[in-house]
Structure formats: C-alpha cells, structure tokens
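Residue-level structure breakdown
Below are the chains, spelled out letter by letter.
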Amino acid sequence: IEEIIIMATNKKNIALSGLARTLVRGGYIDQENAEKLFLESQKKRTPFVNLVVENKMVSGATVATAAAKEFGMPIVAIDLVEIDPEIIKLVGNDLIKKHSALPIFKRGNHLTVAVSDPTNIQTLDEIKFATGLTAHAVVVEADKLSKKIEKVIEDTDSGLGDMDDTEFDNLD
C-alpha cells in the first residue's frame, strides 16, 4: 500500500500553458482531462482545442469566448465570412491544414487569420514568414473553423472557388 501511495503522490501534473491552462483555471475542464487531451494532441499532432471540442468536453462557443476574454481578442462568426480565394492562395492549403488557421481578410500588408487557439504563436509566425505579411489573429469556434477550412480547401482544390451552376449556363 505504501508503494501505491508513493506512486500516486509522485505523479507530476503536466505544466499546461496557453488555452489549456485557461480552460482549467476557468473551471471548464478538469486538470486530468486537460492533461490527457494535451498529451493526445501532441501525439496526434492536432490542436488541443479541436480535441476538447470533438470530445465534447467544452463547446466550441465556450472555448472561443474563454479565449477571447482571456487574451483580449475579437471573436468572429467564421460561418458568416466570405473569403476571397486569392487570400487562400497567399497562405496555401498545406499551411492552413497544418495549423488549422484560415486567412480571412487582407488589408495592405496586414493579414487577419482565424484561429481557435490564439496562444499558438508559431502559427502566426509561419504565416507571416510564408506571406511576408503581418498576421493578426481573431478567435473562432474550433468546430466551425474546421468545417470552413474543409470547404475552402475543397473549393480551391476544385479550382472553381465559389462559382455556382448558373455561371456555367451560357458557355455555348
């Protein structure tokens, strides 16, 4: 029994940072589940936030609200945003998929990027390096961001962008 007690007390908590820590401190998710999902996200090379939402630990809206409040960033309703295909080409599908980050607006040398985890600075740095533009993050719901990325990539891969069937009617 002493061995079990020693083993249990020697278990170290993982030092959570960023949004994971914010969700634990805010009481949205407990430390143990956060640690499990954090380790799984590293193993799978997928964003922690996506796993939290996919596993229904916390809703996408709650995560986005907590992130926006904690880090003083605006929330964007990504499903209502029309994205110019030229902005997607600036960043490229590979980088978008790798980081679950979607460029949504460009003005001058500034690029607005939709992310579900604004603490992932590496994402903005890589986008800045790839585009030569200053990247600014806005917070969006993880599940809605994933769906929007799928749609945008599908549209750019097909080469048709947002064209609908009526644009092909008068091709004779």
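Residues numbered from 1 in each chain as written. Predicted model: local features only at pLDDT ≥ 70, side-chain atom pairs only at ≥ 80, totals over all residues. Heavy atoms only, no water.

1. Describing the overall build of the chain
Keep this limit in mind: Strands here are runs of E lasting at least two residues and helices are runs of H or I lasting at least four, both read from the DSSP assignment and numbered beginning at the N terminus. By definition, residues are in contact when any of their heavy atoms lie within 4.5 Å. Only the protein chains shown count as covering a residue, and every accessible area follows the Shrake-Rupley method with a 1.4 Å probe.
Across its full length, the chain holds nine helices and three strands. Secondary structure elements of the chain occur, N-terminal to C-terminal, as α-α-α-α-α-α-α-β-β-α-β-α. Across the chain, contacts joining residues at least 24 apart in sequence account for 58% of those joining residues at least 6 apart. Carbon and sulfur atoms form 52% of the exposed surface of the chain, whose accessible area is close to 10700 Å².

2. Looking at unusual backbone geometry
What counts, and what does not: Exposure categories follow from relative accessible area, calculated using a 1.4 Å probe and restricted to protein chains: below 20% of the type maximum is buried, above 50% is exposed, and the middle band is partly exposed.
We note that Lys-56 has phi near 55°; this positive angle belongs to a residue other than glycine. Counting through the fold element by element, Lys-56 comes out in the loop between helix H4 (48-54) and helix H5 (60-71). You can call Lys-56 exposed: its relative accessible area is 73%. Unusually for a residue other than glycine, Ser-100 sits at a positive phi of about 50°. Here Ser-100 shows up in the loop between helix H7 (93-99) and strand E1 (102-107). What makes Ser-100 buried here is its relative accessible area of 13%.

3. Thoughts on the sheet that holds strand E2 (residues 110-115)
Heads up, the rule is: Two strands are counted as paired when DSSP detects at least two bridges linking them. Working convention: axes come from line fits to C-alpha atoms, limited for helices to the stretch in contact. Angles between N-to-C directions cover 0 to 180 degrees.
Across the sheet, three strands lie side by side as E1-E2-E3; this open sheet has mixed pairing. Every interior strand has two partners, whereas the edge strands, E1 and strand E3 (134-139), have only one. Sheet twist, expressed as the mean angle between neighbouring strand axes with direction ignored, is 30°. Two strands pair when backbone bridges link them, and E1 and E2 are joined in this way by five bridges, in the antiparallel orientation.

4. Overview of the environment of Ala-130
Residue position: Ala-130 is located in helix H8 (residues 121-131). Classification of Ala-130 by relative accessible area gives partly exposed; the value is 44%. The spacing of Ala-130 and Leu-95 is 35 residues in sequence and 8.8 Å in space, taken between C-alpha atoms.

5. Some points on the environment of Leu-111
As for its position among the elements, Leu-111 is in strand E2. With relative accessibility at 0%, the residue Leu-111 sits in the buried group. For the pair Leu-111 and Ala-137, spaced 26 residues apart in the sequence, the C-alpha separation amounts to 8.6 Å.

6. Topic: helix H2 (residues 18-25)
Buried residues dominate H2, accounting for six of its eight residues. Two residues or fewer past H2, Gly-27 is found with a positive phi of approximately 80°.

7. Section: the nonpolar core
Side chains that are nonpolar tend, in soluble globular proteins, to be buried together. Spelled out, the test is: As used in this record, nonpolar core signifies buried Ala, Val, Leu, Ile, Met, Phe, Trp, Tyr and Cys residues forming a set joined through side-chain atoms within 4.5 Å.
Judged by nonpolar contacts, the single largest core of 48 residues is most densely connected at Phe-48 and Leu-102. Other than its neighbours up to four places away in sequence, Leu-102 contacts Ile-78, Ile-83, Ile-88, Ile-96, Thr-112, Val-113, Ala-114, Leu-145, Lys-148, Ile-149 and Val-152.

8. Observations concerning H5
Note the following rule: Working rule for helices: expected span equals 1.5 Å times residues minus one.
With twelve residues, H5 should reach 16 Å at 1.5 Å per residue; the first-to-last C-alpha distance of 16 Å fits that figure. Taken together, the buried positions of H5 are Gly-60, Val-63, Ala-64, Ala-66, Ala-67 and Ala-68. Taken from the residues just after H5, Gly-72 is the one with a positive phi, measuring 60°.

9. Some remarks on the pairing of E3
In this sheet, E3 lies alongside E2 in parallel orientation, the contact comprising six bridges. From the neighbouring strand, His-110 faces E3, where its bridge partner is Thr-134.

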